[in-house]
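Coordinate inspection notes
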Amino acid sequence: MTTLPLVELHLHLEGTLEPDFIMRTAAKNGVSLPWESVEDLRSRYEFTDLQSFLDLYYTNLEVLREREDFRDMTDAYLRRAQQAGVRHAEVSVDVQVHTARGIPVEVVLGGIRDALDESEARYGISTVLLVAFVRNHPPEEAQELLDHLLRTGARIDGIGLDSTEVGYPPRLFAGVYETARRAGLRLVAHAGEEGPPEYVVEALDLLHVERVDHGNRSLEDDALVDRMVRERIPLTVCPLSNVRLRVVDRMALHPLPGMLARGLRVSVHSDDPAYFGGYIDANVDSIREELALTDDQLETLARNAVDSAFITDDRRRVLHAEIDEWAAQRGGPQSAN
Ligand code: HPA
Ligand code: ZN
């Protein structure tokens, strides 16, 4: 049985740092961390909300100092993603967190590009690179970084918005997104993970995002759901993340089946796989088992991801054809169109 071809659309590269990589890189770079060992670090992976996770995530990414560290982090992710059946990956990086620590933008993006540029040849995975702005930093800082990226011709494909959500509404970043849109960059933003449905509306109306990351709390607003169905707005849902960050109480209660039933363009992704108990394959396994999703529903999720990706029509056709092959092998009904 071929594995289901997957498309990763919601992945923070810093969230792929595994404990052994963190401890090894800390030792190499002479960075002192508050953890005594890999086991000690692992024992901290209990979160009560988004902020409790972000605190650990920001502590650990301190180990990244040199261009090769960013390359190695990215390459390790791509290698793991290949095992999971990923055929296309759209990855994001929190550049401001690194520049705030004195690491030049060119070191961060240079190292990541070193790995991404090898990805097709090495792993057969096409890639897209998104710079996520840190919403709890001032919008002026985001604007400055974006201007720098555009002025220097940085090889990025789009922008996102992440980190602490509540208290930092999308409207603060309308100017930044306007600049990015005029420059032809693709636009996504986290909204409605912990923040209210109004933040999702702002992301759509004021930032003009093409995809919403998470978006779980959209379900609290029927008119918003109807609109998202009508406008075919993609939602990148991250089930294991939602359980670990207490966005949902447990997997069996995840709203994904309801989202599918309402006709939302949802797809399943991994967010910060090193922290949340698994990569995209583990997310798919978990929803398959605990939500009793059928192969038809998994096929819909996979096709939604392909349709939501920032890729050429040719690449989209190739990926749909691979899903056709998977569907034919499992002997189930294929989609009508
Ligand atoms: N939400 C918001 N910001 C983030 C996340 C997340 O799940 N992961 C890394 N930055
Ligand atoms: Zn995220």
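Preceding block: the structure.
All of the points below concern the structure found in this document.

About the thresholds
- Residues numbered from 1 in each chain as written.
- Chains lettered and ligands numbered in written order.
- Predicted model: local features only at pLDDT ≥ 70, side-chain atom pairs only at ≥ 80, totals over all residues.
- Heavy atoms only, no water.
- Helix = DSSP H or I, 4+ residues; strand = E, 2+ residues; numbered from the N terminus.
- Rg over C-alpha atoms; globule rule 2.2 N^0.38 Å.
- Buried < 20%, exposed > 50% of the residue type's maximum accessible area, 1.4 Å probe, protein only.
- Contact = heavy atoms within 4.5 Å.
- Near = heavy atom within 4 Å.
- Polar contact = N/O pair within 3.5 Å; in protein donor to acceptor, adjacent residues only side chain to side chain.
- Areas by Shrake-Rupley, 256 points an atom, 1.4 Å probe, with all protein chains shown as cover.
- Nonpolar A, V, L, I, M, F, W, Y, C, P; charged D, E, K, R; others polar.
- Pairing = 2+ DSSP bridges.
- Axes fitted to C-alpha atoms, helices over the stretch in contact; angles between N-to-C directions.

**Notes on the overall build of the protein**
If you tally the helices and strands in the protein, you get 16 helices and eight strands. The globule rule puts the C-alpha radius of gyration for 337 residues at 20 Å, and the 19 Å found for the protein is close to it. For the protein, the C-alpha atoms occupy an extent of roughly 55 × 40 × 40 Å along the three principal directions. The buried share of the protein, taken over its 337 residues, is 57%. Relative to all contacts within the protein whose residues are 6 or more apart in sequence, the contacts with residues 24 or more apart total 75%.

**Regarding the site of ligand 1**
Looking at ligand 1, the residues that line it are His12, Leu50, Phe53, Leu54, Tyr57, Asp162, Ser163, His190, Glu193, His214, Asp271 and Asp272. Note that a nitrogen atom of ligand 1 is positioned 2.8 Å from one of the backbone N or O atoms of Ser163. Glu193 places a side-chain nitrogen or oxygen 2.8 Å from a nitrogen atom of ligand 1. Burial of ligand 1 by the protein amounts to 100% of the accessible area it has alone, namely 260 Å². The greatest single-element share of the shell around ligand 1, amounting to four residues, is contributed by helix α3 (residues 50-60). Taken together, the residues of the shell around ligand 1 sort by class into four nonpolar, four polar and four charged.

**Side note on the side chain of Ser267**
With respect to the helices and strands, Ser267 occurs in strand β8 (residues 265-268). The class for Ser267 is buried, based on a relative accessible area of 1%. A polar contact is formed between the side chain of Ser267 and the side chain of His269, at a distance of 2.7 Å. Apart from residues no more than four positions distant in its own chain, Ser267 is found in contact with Leu9, Leu235, Thr236, Val237, Leu301, Asn304 and Ala305.

**Examining the sheet that holds strand β3 (residues 126-134)**
Strand order in the open sheet formed by eight strands is β1-β2-β3-β4-β5-β6-β7-β8, and the pairing between neighbours is parallel. Edge positions in the open sheet fall to β1 (6-12) and β8, since each of these has one partner strand only. Shown here is a sheet whose adjacent strand axes are inclined to one another by a mean of 25°, direction ignored. As judged from the six bridges shared by strand β2 (residues 86-93) and β3, these two strands associate in the parallel manner.

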